[in-house]
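Observations on chain architecture
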Amino acid sequence: MNDILTLERLRCNISRIQDQIEEARSKVNRSDEVTLVAVTKTVCVNTIKLLLELGIRNIGENRVQSAQDKYRVLSTAKLTWHMIGHLQTNKTKLVLPIFDMIHSVDSIKLAKKISECSINTTKILLQVNISKEDSKHGFYEKQLQDKILEISTLDNIKICGLMTMAPFTDDMDTCRKYFRKTRILGEKLRDKGYIKQEKLELSMGMSRDFNVAIEEGATLVRVGSAIFK
Ligand SMILES: *Cc1c(COP(=O)(O)O)cnc(C)c1O
């Protein structure tokens, strides 16, 4: 979808999503912040400019080329850029100047490359394939314990937390189970000292399941289609 949505339609969708975020936070008495990352991979620069007018400050992109094209136009806008898609190691150098956080670090090789290419500290999340699906990128829970030990020794990167995707299903109990597993894993890794910041970031939840993810501790929700419908 590449048409410019009307400002009013976007305003309405965002306001509804923000209400749902608030509802989920209050349901579980959360006092910490939940950041709405608007996933703009399907929309054009002009639509992103409308989002800016509506107060959106965090955007998510999953393709290097498309992010570069958008960044050329939007580099001076007050936006925080989140890389949420699988990143090929050889593209690392290209994305670091654009993105404030890389959600999709799924190998030691990529973490090392980010470490090598970073001039300032790059914030990363480790992607976990918590539901162990072949089609998904990410570390398996079992591997992560060892791998994070190695990643945490690299210079110029800061492990801020974990990212995950629930299976593609309408069964919210299933999604909840995997979000909960991811939070517990994140807390365990933080308590062991691998996540060197007070706030454990958990990037989980998309249009269909972000409310459940927030109830289970998501601090960053990546929402696309619910904004642009
Ligand atoms: C596209 C995408 C999203 C947003 O999905 P919607 O269902 O459109 O909200 C979130 N996370 C990742 C990694 C994506 O690729």
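To keep things clear, this report deals only with the structure shown in the data block. Model, not experiment: these values are computed from the prediction.

Rules used in this analysis
- Residues numbered from 1 in each chain as written.
- Predicted model: local features only at pLDDT ≥ 70, side-chain atom pairs only at ≥ 80, totals over all residues.
- Heavy atoms only, no water.
- Buried < 20%, exposed > 50% of the residue type's maximum accessible area, 1.4 Å probe, protein only.
- Helix = DSSP H or I, 4+ residues; strand = E, 2+ residues; numbered from the N terminus.
- Contact = heavy atoms within 4.5 Å.
- Phe/Tyr/Trp six-rings, centres within 6.5 Å; stacked < 30°, edge-to-face > 60°.
- Near = heavy atom within 4 Å.
- Polar contact = N/O pair within 3.5 Å; in protein donor to acceptor, adjacent residues only side chain to side chain.
- Areas by Shrake-Rupley, 256 points an atom, 1.4 Å probe, with all protein chains shown as cover.
- Axes fitted to C-alpha atoms, helices over the stretch in contact; angles between N-to-C directions.
- Parallel < 35°, antiparallel > 145°, perpendicular 65-115°, else oblique.
- Left-handed = near helix turned anticlockwise from the far one by under 90°.
- Nonpolar A, V, L, I, M, F, W, Y, C, P; charged D, E, K, R; others polar.
- Pairing = 2+ DSSP bridges.

Focus on helix α2 (residues 45-53)
For α2, every residue scored as buried is listed here: Val45, Thr47, Ile48, Leu50, Leu51 and Leu52. Residues of α2 that are buried make contact with α1 (7-27), β1 (35-39), β2 (58-61) and α3 (64-74). A positive backbone phi angle near 95 degrees is found at Gly55, which sits one or two residues after α2.

Some remarks on the packing of aromatic side chains
Counted according to the given criterion, the structure contains two aromatic pairs. Look at Tyr71 and Trp81: their rings are 5.3 Å apart centre to centre, the planes differ by 80 degrees, and that puts the pair in the edge-to-face class. Residue Tyr71 is found in helix α3, and its partner Trp81 is found in strand β3 (residues 80-83); the two are separated by ten residues along the sequence. The interplanar angle of 80 degrees and the centroid separation of 6.2 Å between the aromatic rings of Trp81 and Phe99 together place this pair among those described as edge-to-face. Here the residue Trp81 occupies a position in strand β3, and Phe99 occupies one in the loop between α4 (92-95) and β4 (101-105), the gap between them amounting to 18 residues. Accessibility assignment for this pair places Trp81 and Phe99 in one class, buried. Members of the aromatic cluster, each reached through a chain of ring pairs, are Tyr71, Trp81 and Phe99.

Overview of the site of the ligand
Every residue lining the ligand is accounted for by Val39, Lys41, Ile84, Met165, Met206, Ser207, Arg222, Val223, Gly224 and Ser225. Backbone polar atom of Gly224 to an oxygen atom of the ligand: 2.8 Å apart, as the coordinates give it. Residue Ser225 places a main-chain N or O atom 2.8 Å away from an oxygen atom belonging to the ligand. Calculation on the ligand without its partners gives an accessible area of 390 Å², and the protein chains cover 85% of this total.

Topic: the packing of helix α6 (residues 141-151) against helix α7 (residues 172-191)
Contact pair α6 / α7: the axes reach a minimum separation of 12 Å and the direction vectors enclose 20 degrees. On the basis of their axis angle, the class for α6 and α7 is roughly parallel. Handedness of the α6/α7 crossing: right-handed. Facing Glu141, Leu144, Gln145 and Ile148 of α6, the residues of α7 in contact are Lys181, Leu185, Lys188 and Leu189. The residue makeup of the contact of α6 with α7, split by class, is four nonpolar, one polar and three charged.

Points about the side chain of Thr182
Mapped onto the fold, Thr182 is located in helix α7. With residues near it in sequence (within four places) discarded, Thr182 still touches Ile130, Leu162, Thr164, Leu202 and Met204.

Comments concerning the pairing of strand β8 (residues 220-223)
Here β8 shows no split at all, with Leu220 and Arg222 on one side and Val221 and Val223 on the other all buried. In this structure, β1 lies alongside β8, joined through four bridges in parallel fashion. Each residue of the ladder has a partner; that of Val37, found in β8, is Arg222.

Some thoughts on the packing of α1 against α2
One way to put it is that α1 packs onto α2 with a least axis distance of 10 Å and a crossing angle of 55 degrees. Here α1 is positioned oblique relative to α2, judged by the angle of their axes. Read as a crossing pair, α1 and α2 show a hand that is right-handed. Between α1 and α2, the residues in contact are Leu7, Leu10 and Ile14 and Thr47, Leu50, Leu51 and Glu53, respectively.

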